[in-house]
Amino acid sequence: MAPAAALSKVLISDSLDPCCKEILQGAGIGVLEKSGLSKEQLLAEIKDCDGLIVRSATKVTADIIDAAEKLQVIGRAGTGVDNVDVEAATRKGILVMNTPTGNSLSAAELTCGMIMSLARQIPQAAASMKAGKWDRKKFMGMELQGKTLGILGLGRIGREVAIRMQSFGMKTIGYDPIITPEESAAFGVEQLPLERIWPLCDFITVHTPLLPSTTGLLNDTTFAQCRRGVQVINCARGGIVDEGALLRALQSGQCGGAALDVFTEEPPKDKDLVNHPNVISCPHLGASTKEAQSRCGREIAMQIVDLVQGRALAGTVNGQALGSAYASHTKPWIALARTLGIVLRALTQQVNGGVQVVTHGSTLQKAGSYLIPAVAMGLLKETAQKTVNLVNGLLLAQEAGLKITTTHNDRALGSEEGLLQLSAGTCMLTGSVQGDVAVLRELNGAVFNHPVPLTGTLLFYRSKPSLLPTIIGLLGKAKAELLSYHRSSILTGEEWSVTSLSSALPSLQELKPHVAEAVQVTL
Ligand code: 9EZ
């Protein structure tokens, strides 16, 4: 994924708010809107696409991804990426993005509607009216004032539910392993351990991602610890409330009512829950508002514009490295890391014992996350069959058996800006950034008092006497020019020279008798 990746054809393959197309076109991106394509049509259409934007209808499977010859980015207008094969995209170096917060308010409002609907059985009463009845005894409800709402998961959605239901006089308690009790106190939620929450609640609503630790959060065991008649809401992900356990609890009366917007299987084949008289349900409508759709369409479009314009990225699913990679101050460090990776690989074949990356200086304290994929890009540049970029660098390095480890040293080692050190076997390179230029400062203990700009074609060689006349002779024969010459100061280490050439020498054969080592790289 090159930062200023030009996108001439972005396919929007689901029906999305028109603002998405407008924003992309406004930034000079070519857009094609075609929803409802068959799989065969999509396979044909995707071939020459640079980008793909979907909502939930398009299934972006591995065969779709493999058919795409130019695809750089897949954007999902919405939360989660259930309909995208992220692993297949990552392997191919395709960035996947979503809009994790665009639906939050709509999801929270639906949840509140579900709580009110459960308390007064509004859907059931409405259905009985439509059936021509006037049944005033069957629908005795309860007030929410003074009742306790348990909120499991206190992220964006959970906290918006809390704030809204407090206005009905509900007591809001909850739990989240990531949010501190101080944070949740700020939006009026008292946090308690789960085992203390179950027996206190009149209503329990879940707002967690679907993870192994949250699958079946409500199950036979936890239902048994609840108050008899507890009412349960799941507008988050199918499976957080175990469907079998919920049906058993409804049948026994342990659960007095449930509101479900999501199911383990969608649409659910097994209709037992949907048909239970105390269950109200919707066909996954949490994000189905004009506002949420337009927010998600706008956000995914703006994220893709940010990508094209090389700005720091939000909402990346498989591009942790890209989150900060495109900030202007990190770009030259990424170039440095990649370049040092290329030079290291050219200088030594001993990378299979692992490559150590050391960052020096407080400005690089959190840089490992994006510098390691960049180092991997450089190490693999000459050997990988596929294009290596910041999205797939780490995965491809792991698969090539390259172990890249990182350590950080807060002391800047004499350089204001920080230093990046790469080593493998007996080879060690130290580089830094001067202005916006990646430079080499040290090679196997040889120090360059004038740091070597790492650009263009560089010839690295190690010899006692200066070989400049020989090199200039070779360059003349090859019709190339010497652009610059750097020689390390003579300390205890090895003595290295680096020359920058206008074009690569066809062969280093004639140098061999005069040097201990010589390699040429084009950066
Ligand atoms: C788990 C969670 C919340 C929860 C929320 C998030 C990773 N994780 N786990 C159990 N984000 C309530 C109960």
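Look above for the structure.
Residues numbered from 1 in each chain as written. Predicted model: local features only at pLDDT ≥ 70, side-chain atom pairs only at ≥ 80, totals over all residues. Heavy atoms only, no water.

Peer 1: Go over the overall build of the protein chain with me, naming the residues and quoting the values.
Peer 2: When helices and strands are counted, the protein chain shows 18 helices and 22 strands. In summary, the protein chain has a C-alpha radius of gyration of 30 Å against a globular reference of 24 Å for 523 residues, an excess of more than 25%. Taking the principal axes of the C-alpha coordinates as reference, the protein chain spans close to 105 × 50 × 35 Å. The buried share of the protein chain, reckoned over its 523 residues, is 51%. Sequence separation of at least 24 residues holds for 62% of the intrachain contacts in the protein chain that already meet a minimum separation of 6. (Helix = DSSP H or I, 4+ residues; strand = E, 2+ residues; numbered from the N terminus. Rg over C-alpha atoms; globule rule 2.2 N^0.38 Å. Buried < 20%, exposed > 50% of the residue type's maximum accessible area, 1.4 Å probe, protein only. Contact = heavy atoms within 4.5 Å.)

Peer 1: Got a sec to walk through the site of the ligand? Specific residues and values, please.
Peer 2: Around the ligand, a shell composed of Leu152, Gly153, Tyr175, Asp176, Pro177, Ile178, Thr208, Pro209, Leu211, Thr214 and Leu217 is seen. Split into classes, the residues belonging to the shell around the ligand amount to seven nonpolar, three polar and one charged. (Near = heavy atom within 4 Å. Nonpolar A, V, L, I, M, F, W, Y, C, P; charged D, E, K, R; others polar.)

Peer 1: Quick one: what's the story with the sheet that holds strand β5 (residues 95–98), residue by residue and with numbers?
Peer 2: With respect to topology, five strands assemble into an open sheet ordered β2-β1-β3-β4-β5, the strand pairing being parallel. Of all strands in the sheet, those bounded by a partner on one side alone are β2 (31–33) and β5. Ignoring which end each strand starts from, the neighbouring axes of this sheet average 15 degrees apart. In terms of strand pairing, strand β1 (residues 10–12) meets strand β3 (residues 51–54) through three bridges, oriented parallel. Directly across from valine 10, in β3, lies its bridge partner glycine 51. (Pairing = 2+ DSSP bridges. Axes fitted to C-alpha atoms, helices over the stretch in contact; angles between N-to-C directions.)

Peer 1: Can you break down the pattern of salt bridges residue by residue, with the values?
Peer 2: Under the defined criterion, the tally for this structure stands at 20 salt bridges. A salt bridge links glutamate 265 to lysine 269; the shortest N-O distance between them is 2.7 Å. Look at lysine 269 and you get exposed, because its relative accessible area is 66%. (Salt bridge = Lys/Arg side-chain N within 4 Å of Asp/Glu carboxyl O.)

Peer 1: Go over unusual backbone geometry, please, and point to the residues and values.
Peer 2: At the junction of glutamate 266 and proline 267, the peptide bond is cis and its omega measures out at -10 degrees in the coordinates. In this model, histidine 284 sits at a positive phi of 50 degrees, which is unusual for a non-glycine residue. Relative to the helices and strands, histidine 284 is located in the loop between β12 (279–281) and α13 (290–308).

Peer 1: Outline the nonpolar core, supporting the account with residue identities and numerical values.
Peer 2: Membership of the largest hydrophobic core comes to 74 residues, with the highest contact counts inside it found for Leu24, Ile53, Leu420, Leu440 and Phe460. Not counting the four nearest positions on each side in its chain, leucine 420 is found in contact with Trp333, Leu336, Ala337, Leu340, Val357, Val358, Thr359, Leu371, Leu429, Thr430 and Gly431. In this structure, Leu192, Trp198, Leu273 and Val279 belong to the second largest nonpolar core, which totals 28 residues. (Core = buried A, V, L, I, M, F, W, Y, C linked by side-chain atoms within 4.5 Å.)

Peer 1: Account for helix α5 (residues 104–120), with residues named and values stated.
Peer 2: Helical geometry note: an α-helix holds 3.6 residues per turn, so side chains three or four residues apart project in the same direction. Here α5 contains 17 residues, and its C-alpha end-to-end distance of 25 Å stays within 8% of the 24 Å for a straight helix at 1.5 Å per residue. Within α5, twelve of the 17 residues are buried, which leaves it mostly tucked inside the rest of the structure. Inspection of α5 places Ser104, Ser106, Ala107, Ala108, Leu110, Thr111, Cys112, Met114, Ile115, Ser117, Leu118 and Ala119 among the buried residues, and these make up the whole buried set. Glutamine 121 occupies a position one or two residues after α5 and carries a positive phi of about 50 degrees. (Expected span 1.5 Å × (residues − 1).)

Peer 1: Before we move on, can you summarise the sheet that holds strand β6 (residues 148–152) with the specific residues and values?
Peer 2: With parallel pairing, the seven strands of this open sheet are ordered in space as β8-β7-β6-β9-β10-β11-β12. The open sheet terminates on both sides in strands that have one partner only, identified here as β8 (190–191) and β12. As paired elements, β6 and strand β7 (residues 171–175) share five bridges and run parallel to each other. Residue glycine 150 lies in a different strand from β7, and its bridge partner there is isoleucine 173. Across the sheet, α5 is in contact with β6, β9 (203–206), β10 (230–234), β11 (255–260) and β12; its angle to β10 comes to roughly 150 degrees. Sheet strands touched by helix α11 (residues 243–252): β11 and β12. Its angle to β11, the strand with the most contacts, is close to 140 degrees.

Peer 1: Before we move on, can you summarise the pairing of β6 with the specific residues and values?
Peer 2: Counting buried residues along β6, five of its five residues qualify, which places the element largely inside the surrounding structure. On β6, burial covers both faces: Thr148, Gly150 and Leu152 on one face and Leu149 and Ile151 on the other are all buried. At this point the chain moves from β6, through helix α7 (residues 156–166), to the parallel β7, and the crossover so formed is right-handed. As paired strands, β6 and β9 are joined by four bridges and run parallel to one another. The residue of β9 that forms the bridge with leucine 152 is valine 206. (Right-handed = clockwise from strand over helix to strand, strands pointing away.)

Peer 1: Explain the side chain of aspartate 202 to me, and be specific about the residues and the numbers.
Peer 2: Within the fold, aspartate 202 resides in the loop between α9 (194–197) and β9. One polar contact links the side chain of aspartate 202 to the main-chain amide nitrogen of threonine 148, over a distance of 2.7 Å. In terms of polar contacts, aspartate 202 uses its side chain to reach the side chain of arginine 227, at 2.8 Å. The residues touching aspartate 202, leaving out its near neighbours within four places in the chain, are Lys147, Thr148, Arg227, Val230 and Gln231. (Polar contact = N/O pair within 3.5 Å; in protein donor to acceptor, adjacent residues only side chain to side chain.)

Peer 1: How would you summarise the environment of glutamate 265 if you had to cite specific residues and measurements?
Peer 2: Structurally, glutamate 265 can be placed in the loop between β11 and α12 (272–275). The partly exposed category is assigned to glutamate 265, whose relative accessible area is 35%. Once the C-alpha coordinates of glutamate 265 and glycine 239 are considered, the two residues, 26 residues apart in sequence, prove to be 8.9 Å apart. Within the structure, glutamate 265 has its side chain in polar contact with the side chain of lysine 269 (distance 2.7 Å).

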